[in-house]
Amino acid sequence: MDELPERQAGLASTLEHEGYSVRLVSAGAAAQRLIDEAQLVLLVLGPAGGPSRALLQHLMGREDAGQGLSVIALVPEEEHAAAVAVLRLGAEVVRTPVDTEELVARVARCLHERERLEALLSRVASLERLSITDGLTGVHNHRYFQDRLREEFRRAQRYDDALSLILIDLDHFKAFNDTHGHQVGDLVLRDVAASLQRSLRETDLLARYGGEEFAILLPRTPLAGALTVAERVWRELGALKTGPERTLRVTASVGLSSFPHHAVNNAEQLVRSADQALYRAKDEGRNRICVHAAGLSFDRALSR
């Protein structure tokens, strides 16, 4: 606050009696330091050009204005223009001399609205996560993968950067489901997704591409780096013990493509080339890595 006369101290005492924790500070460096810890700022509006008005402008210009922080400005009764200006900024107005019952009610309402907004934002964030998440495995879903693929390909083209894609298909998974049942199959898919996620870097994006197929998008990763990642996840899958008794094993065929490449001019071609490499891995006997860019295949025995 600009000043700390006895009247402001009395208001603070009233709010503390209602159960609120109150700090009295002058508008300036001390106030700035406390803003991030506050849920609500009660500001005594001083003369035009004063520090309290500058602080009000700063508070209402923050990204979390009206969300994580509520602001109530105490404005003299005769200053109609100032009250209107405060309202236009998005802050609450309480006229001075202050009616303490009104102030307590407005503080309670501001904090209640803040709680409601936080709950709504949390709900929206939860729904957003659900909209991009595969319900069975907990990794990203196909729609989100497609959105990010187009976004990352545009970025790679613009900045002449590398972008690689790995497609992974579990071998003979239909027969696996027929033998052990779909519930066990679902458990295996969850274990596979978790194994893949553990093998990746924070910058890599893992998605369930469909059925028993997974996709890994590797921004800023050239072919050599992508091959290192592909071999690591392939080996981890070969070592994975899954199923209800942790006695089942899976193998995977892996297709890899990379940009820049003369045959890859858009996101669809990046997927198509990885898919072609994946099908070659299957045709050559499965449980191996094939790289589209160089027409290479890798077939190394997995430790059992």
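For the structure itself, look to the data block above.
Attention in this report is confined to the structure presented alongside it. In this text, all values refer to a predicted model and were calculated from it rather than measured experimentally. Starting from 1, residues in each chain are numbered consecutively following that chain's sequence as written. Only residues with pLDDT of at least 70 get local features here, since the model is predicted, and only at 80 or more are side-chain atom pairs given and counted; chain-wide, interface and lining totals rely on the full set of residues. The side-chain numbers reported here are obtained from all heavy atoms of the structure, hydrogens and water having been left aside.

**Re the packing of helix α6 (residues 142-158) against helix α10 (residues 267-283)**
Working note: a packed helix pair is described by the angle between its axes plus the distance between those axes. Keep this limit in mind: To get an axis, a line is fitted to the C-alpha atoms, and for a helix only the part in contact is used. The angle between two axes follows their N-to-C directions and goes from 0 to 180 degrees. Labels follow the DSSP assignment, with helices taken as runs of H or I lasting at least four residues and strands as runs of E lasting at least two, numbered in each case from the N terminus. Oblique is the label for any angle not covered by the other classes, which are roughly parallel (under 35 degrees), roughly antiparallel (over 145) and roughly perpendicular (65 to 115). Residue contacts are defined here by distance: any two heavy atoms, one from each residue, within 4.5 Å place the two residues in contact. Each residue gets one label: Ala, Val, Leu, Ile, Met, Phe, Trp, Tyr, Cys and Pro are nonpolar, Asp, Glu, Lys and Arg are charged, and the others, such as Gly, are polar.
Interaxial distance between α6 and α10 falls to 9 Å at its minimum, and their mutual angle equals 110°. Considering the angle they form, α6 stands roughly perpendicular to α10. Across the interface between the two elements, Leu149, Arg150 and Phe153 from α6 touch Ala267, Leu270 and Val271 from α10. Considering only residue class, the contact of α6 with α10 consists of five nonpolar, no polar and one charged.

**What to know about the packing of helix α8 (residues 182-199) against helix α9 (residues 223-239)**
Quick reminder of the rule: Each crossing gets its hand from how the near helix is turned against the far one by less than a right angle, where anticlockwise is left-handed and clockwise is right-handed.
At their nearest, the axes of α8 and α9 sit 9 Å apart, and the two run at 140° to each other. It follows from the interaxial angle that α8 and α9 lie oblique. Here the hand of the crossing between α8 and α9 comes out right-handed. In this structure, α8 uses Val192, Ser195, Leu196 and Ser199 to contact α9, whose residues at the interface are Arg232, Val233, Glu236 and Leu237. Here the residues of the contact of α8 with α9 sort into four nonpolar, two polar and two charged.

**Let's talk about the packing of aromatic side chains**
Basically, it comes down to this: Side-chain rings of Phe, Tyr and Trp (the six-membered ring for Trp) are treated as a pair once their centres are within 6.5 Å; stacked means planes under 30 degrees apart, edge-to-face means over 60, and tilted covers the remaining angles. Categorising residues by exposure relies on relative accessible area from a 1.4 Å probe, with only protein chains included: less than 20% of the type maximum marks a residue as buried, more than 50% marks it as exposed, and the intermediate range marks it as partly exposed.
With the rule as written, the count across this model stands at three aromatic pairs. Taken together, a centroid distance of 4.7 Å and an interplanar angle of 50° make the contact between Phe153 and Phe259 tilted. With Phe153 in helix α6 and Phe259 in strand β7 (residues 252-259), the pair connects residues that are 106 residues apart, well separated along the chain. Its relative accessible area of 10% is what places Phe259 among the buried residues.

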